[in-house]
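# Fold and contact review
Take a look at the letters that make up each chain.
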Amino acid sequence: MTVLSSFVNTLVQVWLCAAFLMFWLWIIQNFYRNAVVADIGFCVMFGVLSIVYAVGLPGDPVRKGLLGMMGAVYGFRLASHLTLDRLYKKAEDARYQTLREAMGAWAQSGFFLYFQGQAVALAVFSIPLLILMVNPFPPFSLWEVIGIFCWVFAIAGEASADYQLRRFRMNPSHVGKTCRVGWWYYCRHPNYFFEGCIWSSYVVMAIGIPWGWLTVIGPLGMMIALLKVSGIPYAEARAIVTRGDDYRDYQRTTNALIPWFPKSS
């Protein structure tokens, strides 16, 4: 079996398992009307898949163990954040409320396709880990070390941005106000910025290895999703509804994605 056919066979198996699990999560969503379970399911599955890859794929055990831990930390941390911030005793995320309203009577059919899209996404976004784990060269090259440091910086940044926003929202006096604390002072979506950095770190680690160019699927796919599909457009549309002129001022003065000092109002 060629390397390419082996990759394809692995990804098809991942997709089939994820599609089955996402079907049941969609059933759960039908009862509780909170589609964020798709995102939580994706994150948990990614964490589990990272460990499965580390155990089952050929390659250097030290490299596989490190990459498996990185994928598990990313997936389980984000899943726990989403559970606490957007599921447990919470109303449905504003993005999904907007989608649900837009689809009307077709909402459940639309969400079925969305959940199955998450299953496809799991297979696609596992490609960087798959490529890196079967790297035939000895660990660790300079690019791998640089990429690991980039990943640590990015995961710490994303975790701190999530924590800052959650703390801000916990204060009842902040209802209807825009968070401008910490990373949120420098851009409107620092969590998305660091998400892109996490996936870009895999590209850095893959420089010079066979099939390494395929790792660009991670940051490219994630940025398309966040910038054009289910991320920024819906989040900002809902923010204007709930925060009005305060958020419009935030948009005028603060970068959307790249952290920088805000302009004067």
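Residues numbered from 1 in each chain as written. Predicted model: local features only at pLDDT ≥ 70, side-chain atom pairs only at ≥ 80, totals over all residues. Heavy atoms only, no water.

### Some details on the packing of aromatic side chains
Aromatic rings considered in pairs are described by the distance between their centres and by the relative angle of their planes. Here is the rule: Geometry of aromatic contacts follows a simple scheme: Phe, Tyr and Trp rings, the Trp one being its six-membered ring, pair when their centres are within 6.5 Å, and the pair is stacked under 30 degrees between planes, edge-to-face over 60, tilted otherwise. Strands here mean DSSP runs of E at least two residues long; helices mean DSSP runs of H or I at least four residues long; both are numbered from the N terminus. Relative accessibility decides the category of a residue: with a 1.4 Å probe and only protein chains considered, values under 20% of the type maximum give buried, values over 50% give exposed, and everything between is partly exposed.
Taken as a whole and assessed by the stated rule, the structure comprises 22 aromatic pairs. Consider the rings of Tyr185 and Tyr186, whose centres lie 5.0 Å apart with planes at 90°: the pair is edge-to-face. On the basis of an interplanar angle of 65° and a centroid distance of 5.5 Å, the ring pair of Tyr247 and Tyr250 is categorised as edge-to-face. Placement of both Tyr247 and Tyr250 in helix 10 (residues 232–253) is noted, with a separation of 3 residues, approximately one turn of the helix. As far as the burial class goes, Tyr247 and Tyr250 line up, both buried. Every member of this aromatic cluster is reached through a ring pair, and the members are Phe42, Phe46, Tyr74, Phe125, Trp199 and Tyr202.

### Things to note about the side chain of Arg77
For clarity, the cut-off: Residues adjacent in sequence count toward polar contacts only when both atoms are side-chain atoms; beyond that, a polar contact is any pair of N or O atoms within 3.5 Å, and within protein one must be able to donate a hydrogen and the other to accept it. Note on contacts: a residue pair is in contact if any heavy atoms of the two residues lie within 4.5 Å.
Tracing the backbone shows Arg77 in helix 3 (residues 61–87). In this structure the side chain of Arg77 is engaged in a polar contact, spanning 2.9 Å, whose partner is the side chain of Asp162. Not counting chain neighbours up to four residues away, the residues in contact with Arg77 comprise Ala72, Ile155, Glu158, Ala159 and Asp162.

### Quick notes on the side chain of Asp39
Looking at where Asp39 falls in the secondary structure, it is placed in helix 2 (residues 36–56). Looking at Asp39, its side chain comes within polar contact range of the side chain of Tyr96, at 2.6 Å. At a separation of 3.0 Å, a polar atom in the side chain of Asp39 contacts the side chain of Gln118. With sequence-adjacent residues up to four places away left out, Asp39 is seen in contact with Leu82, Arg95, Tyr96, Tyr114 and Gln118.

### A few points about the nonpolar core
The cut-off we apply is this: The nonpolar core is taken to be a set of buried Ala, Val, Leu, Ile, Met, Phe, Trp, Tyr and Cys residues, with the residues joined through side-chain atoms within 4.5 Å.
One finds Tyr53, Tyr74, Phe111, Phe115, Leu122 and Tyr202 to be the most contacted residues of the largest nonpolar core, which totals 60 residues. When residues of this core are assigned to their parent elements, the largest contribution, 11 residues, is made by helix 2. Look past the residues within four positions of Tyr53 in its chain and what remains in contact with it is Thr10, Leu11, Val14, Lys64, Ser126, Leu129, Leu130 and Met133. Counting residues in each nonpolar core, the second largest holds 8 residues, with Cys179, Trp184, Ala239 and Tyr247 among its members.

### Things to note about the pattern of salt bridges
The test is simple: For this analysis, a salt bridge means a side-chain nitrogen from Lys or Arg found within 4 Å of a carboxyl oxygen belonging to Asp or Glu.
All told, the structure shown has 10 salt bridges when counted by the stated rule. In this structure, the salt-bridge partner of Asp245 is Arg248, at a minimum N-O distance of 3.0 Å. With a gap of 3 residues between them, Asp245 and Arg248 both fall in helix 10, about one helical turn apart. Taking the relative accessible area as the measure of exposure, Asp245 reaches 58% and is therefore exposed. Residues joined by salt bridges that share partners form a network here, namely Arg180, Asp246, Asp249 and Arg252.

### A closer look at a nonpolar patch on the surface
Stated precisely, the cut-off is as follows: Like-charged residues within 9 Å of one another, or nonpolar side chains (Val, Leu, Ile, Met, Phe, Trp, Tyr) within 5 Å, are grouped into patches, provided each residue has over 30% relative accessible area and no salt bridge. Only the protein chains shown count as cover for residues, and the accessible areas themselves come from Shrake-Rupley with a 1.4 Å probe.
There is a patch of nonpolar side chains on the surface, built from Val3, Leu4, Val8, Val12, Trp15, Leu16, Val120, Val124, Trp211 and Trp213 and spanning about 890 Å² of accessible area. Among the secondary structure elements, those contributing two or more residues to the nonpolar patch are helix 1 (3–32) and helix 5 (107–125). No other element matches the 6 residues that helix 1 contributes to the nonpolar patch. Mapped onto the elements of the fold, Leu4 is located in helix 1.

### What about the packing of helix 1 against helix 2?
Put simply, the test is: The convention used is that axes are lines fitted to C-alpha atoms, helices contributing only their stretch in contact, and that angles between N-to-C directions extend from 0 to 180 degrees. The labels follow the angle: roughly parallel below 35 degrees, roughly antiparallel above 145, roughly perpendicular from 65 to 115, and oblique for the rest. Here is the rule for handedness: rotate from the far helix to the near one, and if that takes an anticlockwise turn smaller than a right angle the crossing is left-handed, while a clockwise turn gives right-handed. The nonpolar class holds Ala, Val, Leu, Ile, Met, Phe, Trp, Tyr, Cys and Pro. Asp, Glu, Lys and Arg form the charged class, and all remaining residues, Gly among them, are polar.
The contact between helix 1 and helix 2 brings their axes to 10 Å, and the two run at 150°. Accordingly, the angle class assigned to the pair helix 1 and helix 2 is roughly antiparallel. The handedness of the crossing between helix 1 and helix 2 is right-handed. The segment helix 1 lies against helix 2, with Thr10, Leu11, Val14, Ala18, Leu21, Met22, Leu25 and Gln29 engaging Val37, Ala38, Gly41, Phe42, Met45, Leu49 and Tyr53. Classifying every residue of the contact of helix 1 with helix 2 gives 12 nonpolar, 3 polar and no charged.

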